[in-house]
Amino acid sequence: MMLAIVSLRLLNFKTSSAMTVALVCALAAATIITFVSGSEIGLLLYPVLANFVLFVLFMSSWVCPPTIIERIARLKEPDLPAHGVTYTRHVTLVWCLFFAINGSLAAYSITVSREWWALYNGFISYLLMAALFLVEVLLRGYFKEKKSA
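This is a predicted model, so every value here is computed, not measured.

About the criteria used
Residues numbered from 1 in each chain as written. Predicted model: local features only at pLDDT ≥ 70, side-chain atom pairs only at ≥ 80, totals over all residues. Heavy atoms only, no water. pLDDT = per-residue confidence, 0-100. Helix = DSSP H or I, 4+ residues; strand = E, 2+ residues; numbered from the N terminus. Axes fitted to C-alpha atoms, helices over the stretch in contact; angles between N-to-C directions. Parallel < 35°, antiparallel > 145°, perpendicular 65-115°, else oblique. Left-handed = near helix turned anticlockwise from the far one by under 90°. Contact = heavy atoms within 4.5 Å. Nonpolar A, V, L, I, M, F, W, Y, C, P; charged D, E, K, R; others polar. Phe/Tyr/Trp six-rings, centres within 6.5 Å; stacked < 30°, edge-to-face > 60°. Buried < 20%, exposed > 50% of the residue type's maximum accessible area, 1.4 Å probe, protein only. Patch = residues over 30% accessible without salt bridge, like charges linked within 9 Å, V, L, I, M, F, W, Y side chains within 5 Å. Areas by Shrake-Rupley, 256 points an atom, 1.4 Å probe, with all protein chains shown as cover. Salt bridge = Lys/Arg side-chain N within 4 Å of Asp/Glu carboxyl O.

Sorry if this is basic, but what is going on with the confidence of the model for the protein here?
Summary statistics for the protein give a mean pLDDT of 88 and a share of 88% for residues scoring 70 or more. Helix α1 (residues 2-11) is the least confidently modelled element of the protein, averaging 63 in pLDDT, while helix α5 (residues 82-112) averages 96, the highest of any element.

The structure is reproduced here in structure tokens:
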């Protein structure tokens, strides 16, 4: 079933973003590891691989700007001021840190129990991601007001 999902997603390869393609490749790697090993380890590693891929994509955009966050910001505000670019670079580093920690916790969860793995990777990590996003949106509003005042 997972190979079918990966295959269908790769059919849209030409219209996919680099992030989508990278995540599909992580899913393909997890599927292949599971198939070759005959165990569930590839599936358990998928959250680790996904966080690793996101870390690499965000960090590479930080090293070779514009950052992913800046590109997203420019969709709403094409003439992003210099302080906005600086802000998006900082936010990109925060997300890199998040992906590194989240991926490490996802890896650790494999060693604890399947129940903990499912709870962390299926619920807690999404809550943490939503909390980070919410805090960033609130801070963005604060910094925008502060710079316009």
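Having seen it, we continue.
Where do I start with the packing of helix α3 (residues 41-63) against α5 in this structure?
Two measures define how a pair of helices packs: the angle their axes make with one another and the distance between the axes. Closest axis-to-axis distance for the α3/α5 pair is 9 Å, and the angle between their directions is 165°. Between α3 and α5, the angle falls in the class roughly antiparallel. As for how α3 packs across α5, the hand of that crossing is left-handed. Where α3 approaches α5, its residues Ile 41, Leu 44, Leu 45, Pro 47, Val 48, Asn 51, Leu 54, Phe 55, Phe 58, Met 59, Ser 61 and Trp 62 are matched on the opposing element by Arg 89, Thr 92, Leu 93, Trp 95, Cys 96, Phe 99, Ala 100, Asn 102, Gly 103, Ala 106, Ala 107 and Ile 110. When grouped by side-chain class, the residues that make up the contact of α3 with α5 number 18 nonpolar, 5 polar and 1 charged.

What is the right way to look at the packing of α3 against helix α4 (residues 68-76) in this model?
At their nearest, the axes of α3 and α4 sit 8 Å apart, and the two run at 80° to each other. If you check the angle between α3 and α4, you find them roughly perpendicular. Between α3, through Leu 57, Phe 58 and Ser 61, and α4, the contact on the second element is made entirely by Ile 68, Ile 69 and Arg 71. Per-class residue counts for the contact of α3 with α4 are 4 nonpolar, 1 polar and 1 charged.

Looking at this structure, how should I read the packing of aromatic side chains?
To describe a pair of aromatic rings, you give the distance between the ring centres and the angle between the ring planes. All chains considered together, the criterion is met by 7 aromatic pairs. Centroid distance Phe 58 to Phe 99: 5.2 Å. Interplanar angle 70°. Geometry classified as edge-to-face. Taken together, the residues Phe 58 in helix α3 and Phe 99 in helix α5 connect sequence positions 41 residues apart. Each member of the pair, Phe 58 as well as Phe 99, carries the same accessibility label: buried. Joined through ring pairs, the aromatic side chains of Phe 58, Trp 95, Phe 98 and Phe 99 make up one cluster.

Quick question: what am I supposed to make of a nonpolar patch on the surface here?
A surface patch of nonpolar side chains, amounting to about 590 Å² of accessible area, comprises Tyr 108, Val 112, Trp 116, Leu 119, Phe 123 and Leu 127. No other element matches the 4 residues that helix α6 (residues 114-148) contributes to the nonpolar patch. Tracing the sequence through the fold places Tyr 108 in helix α5.

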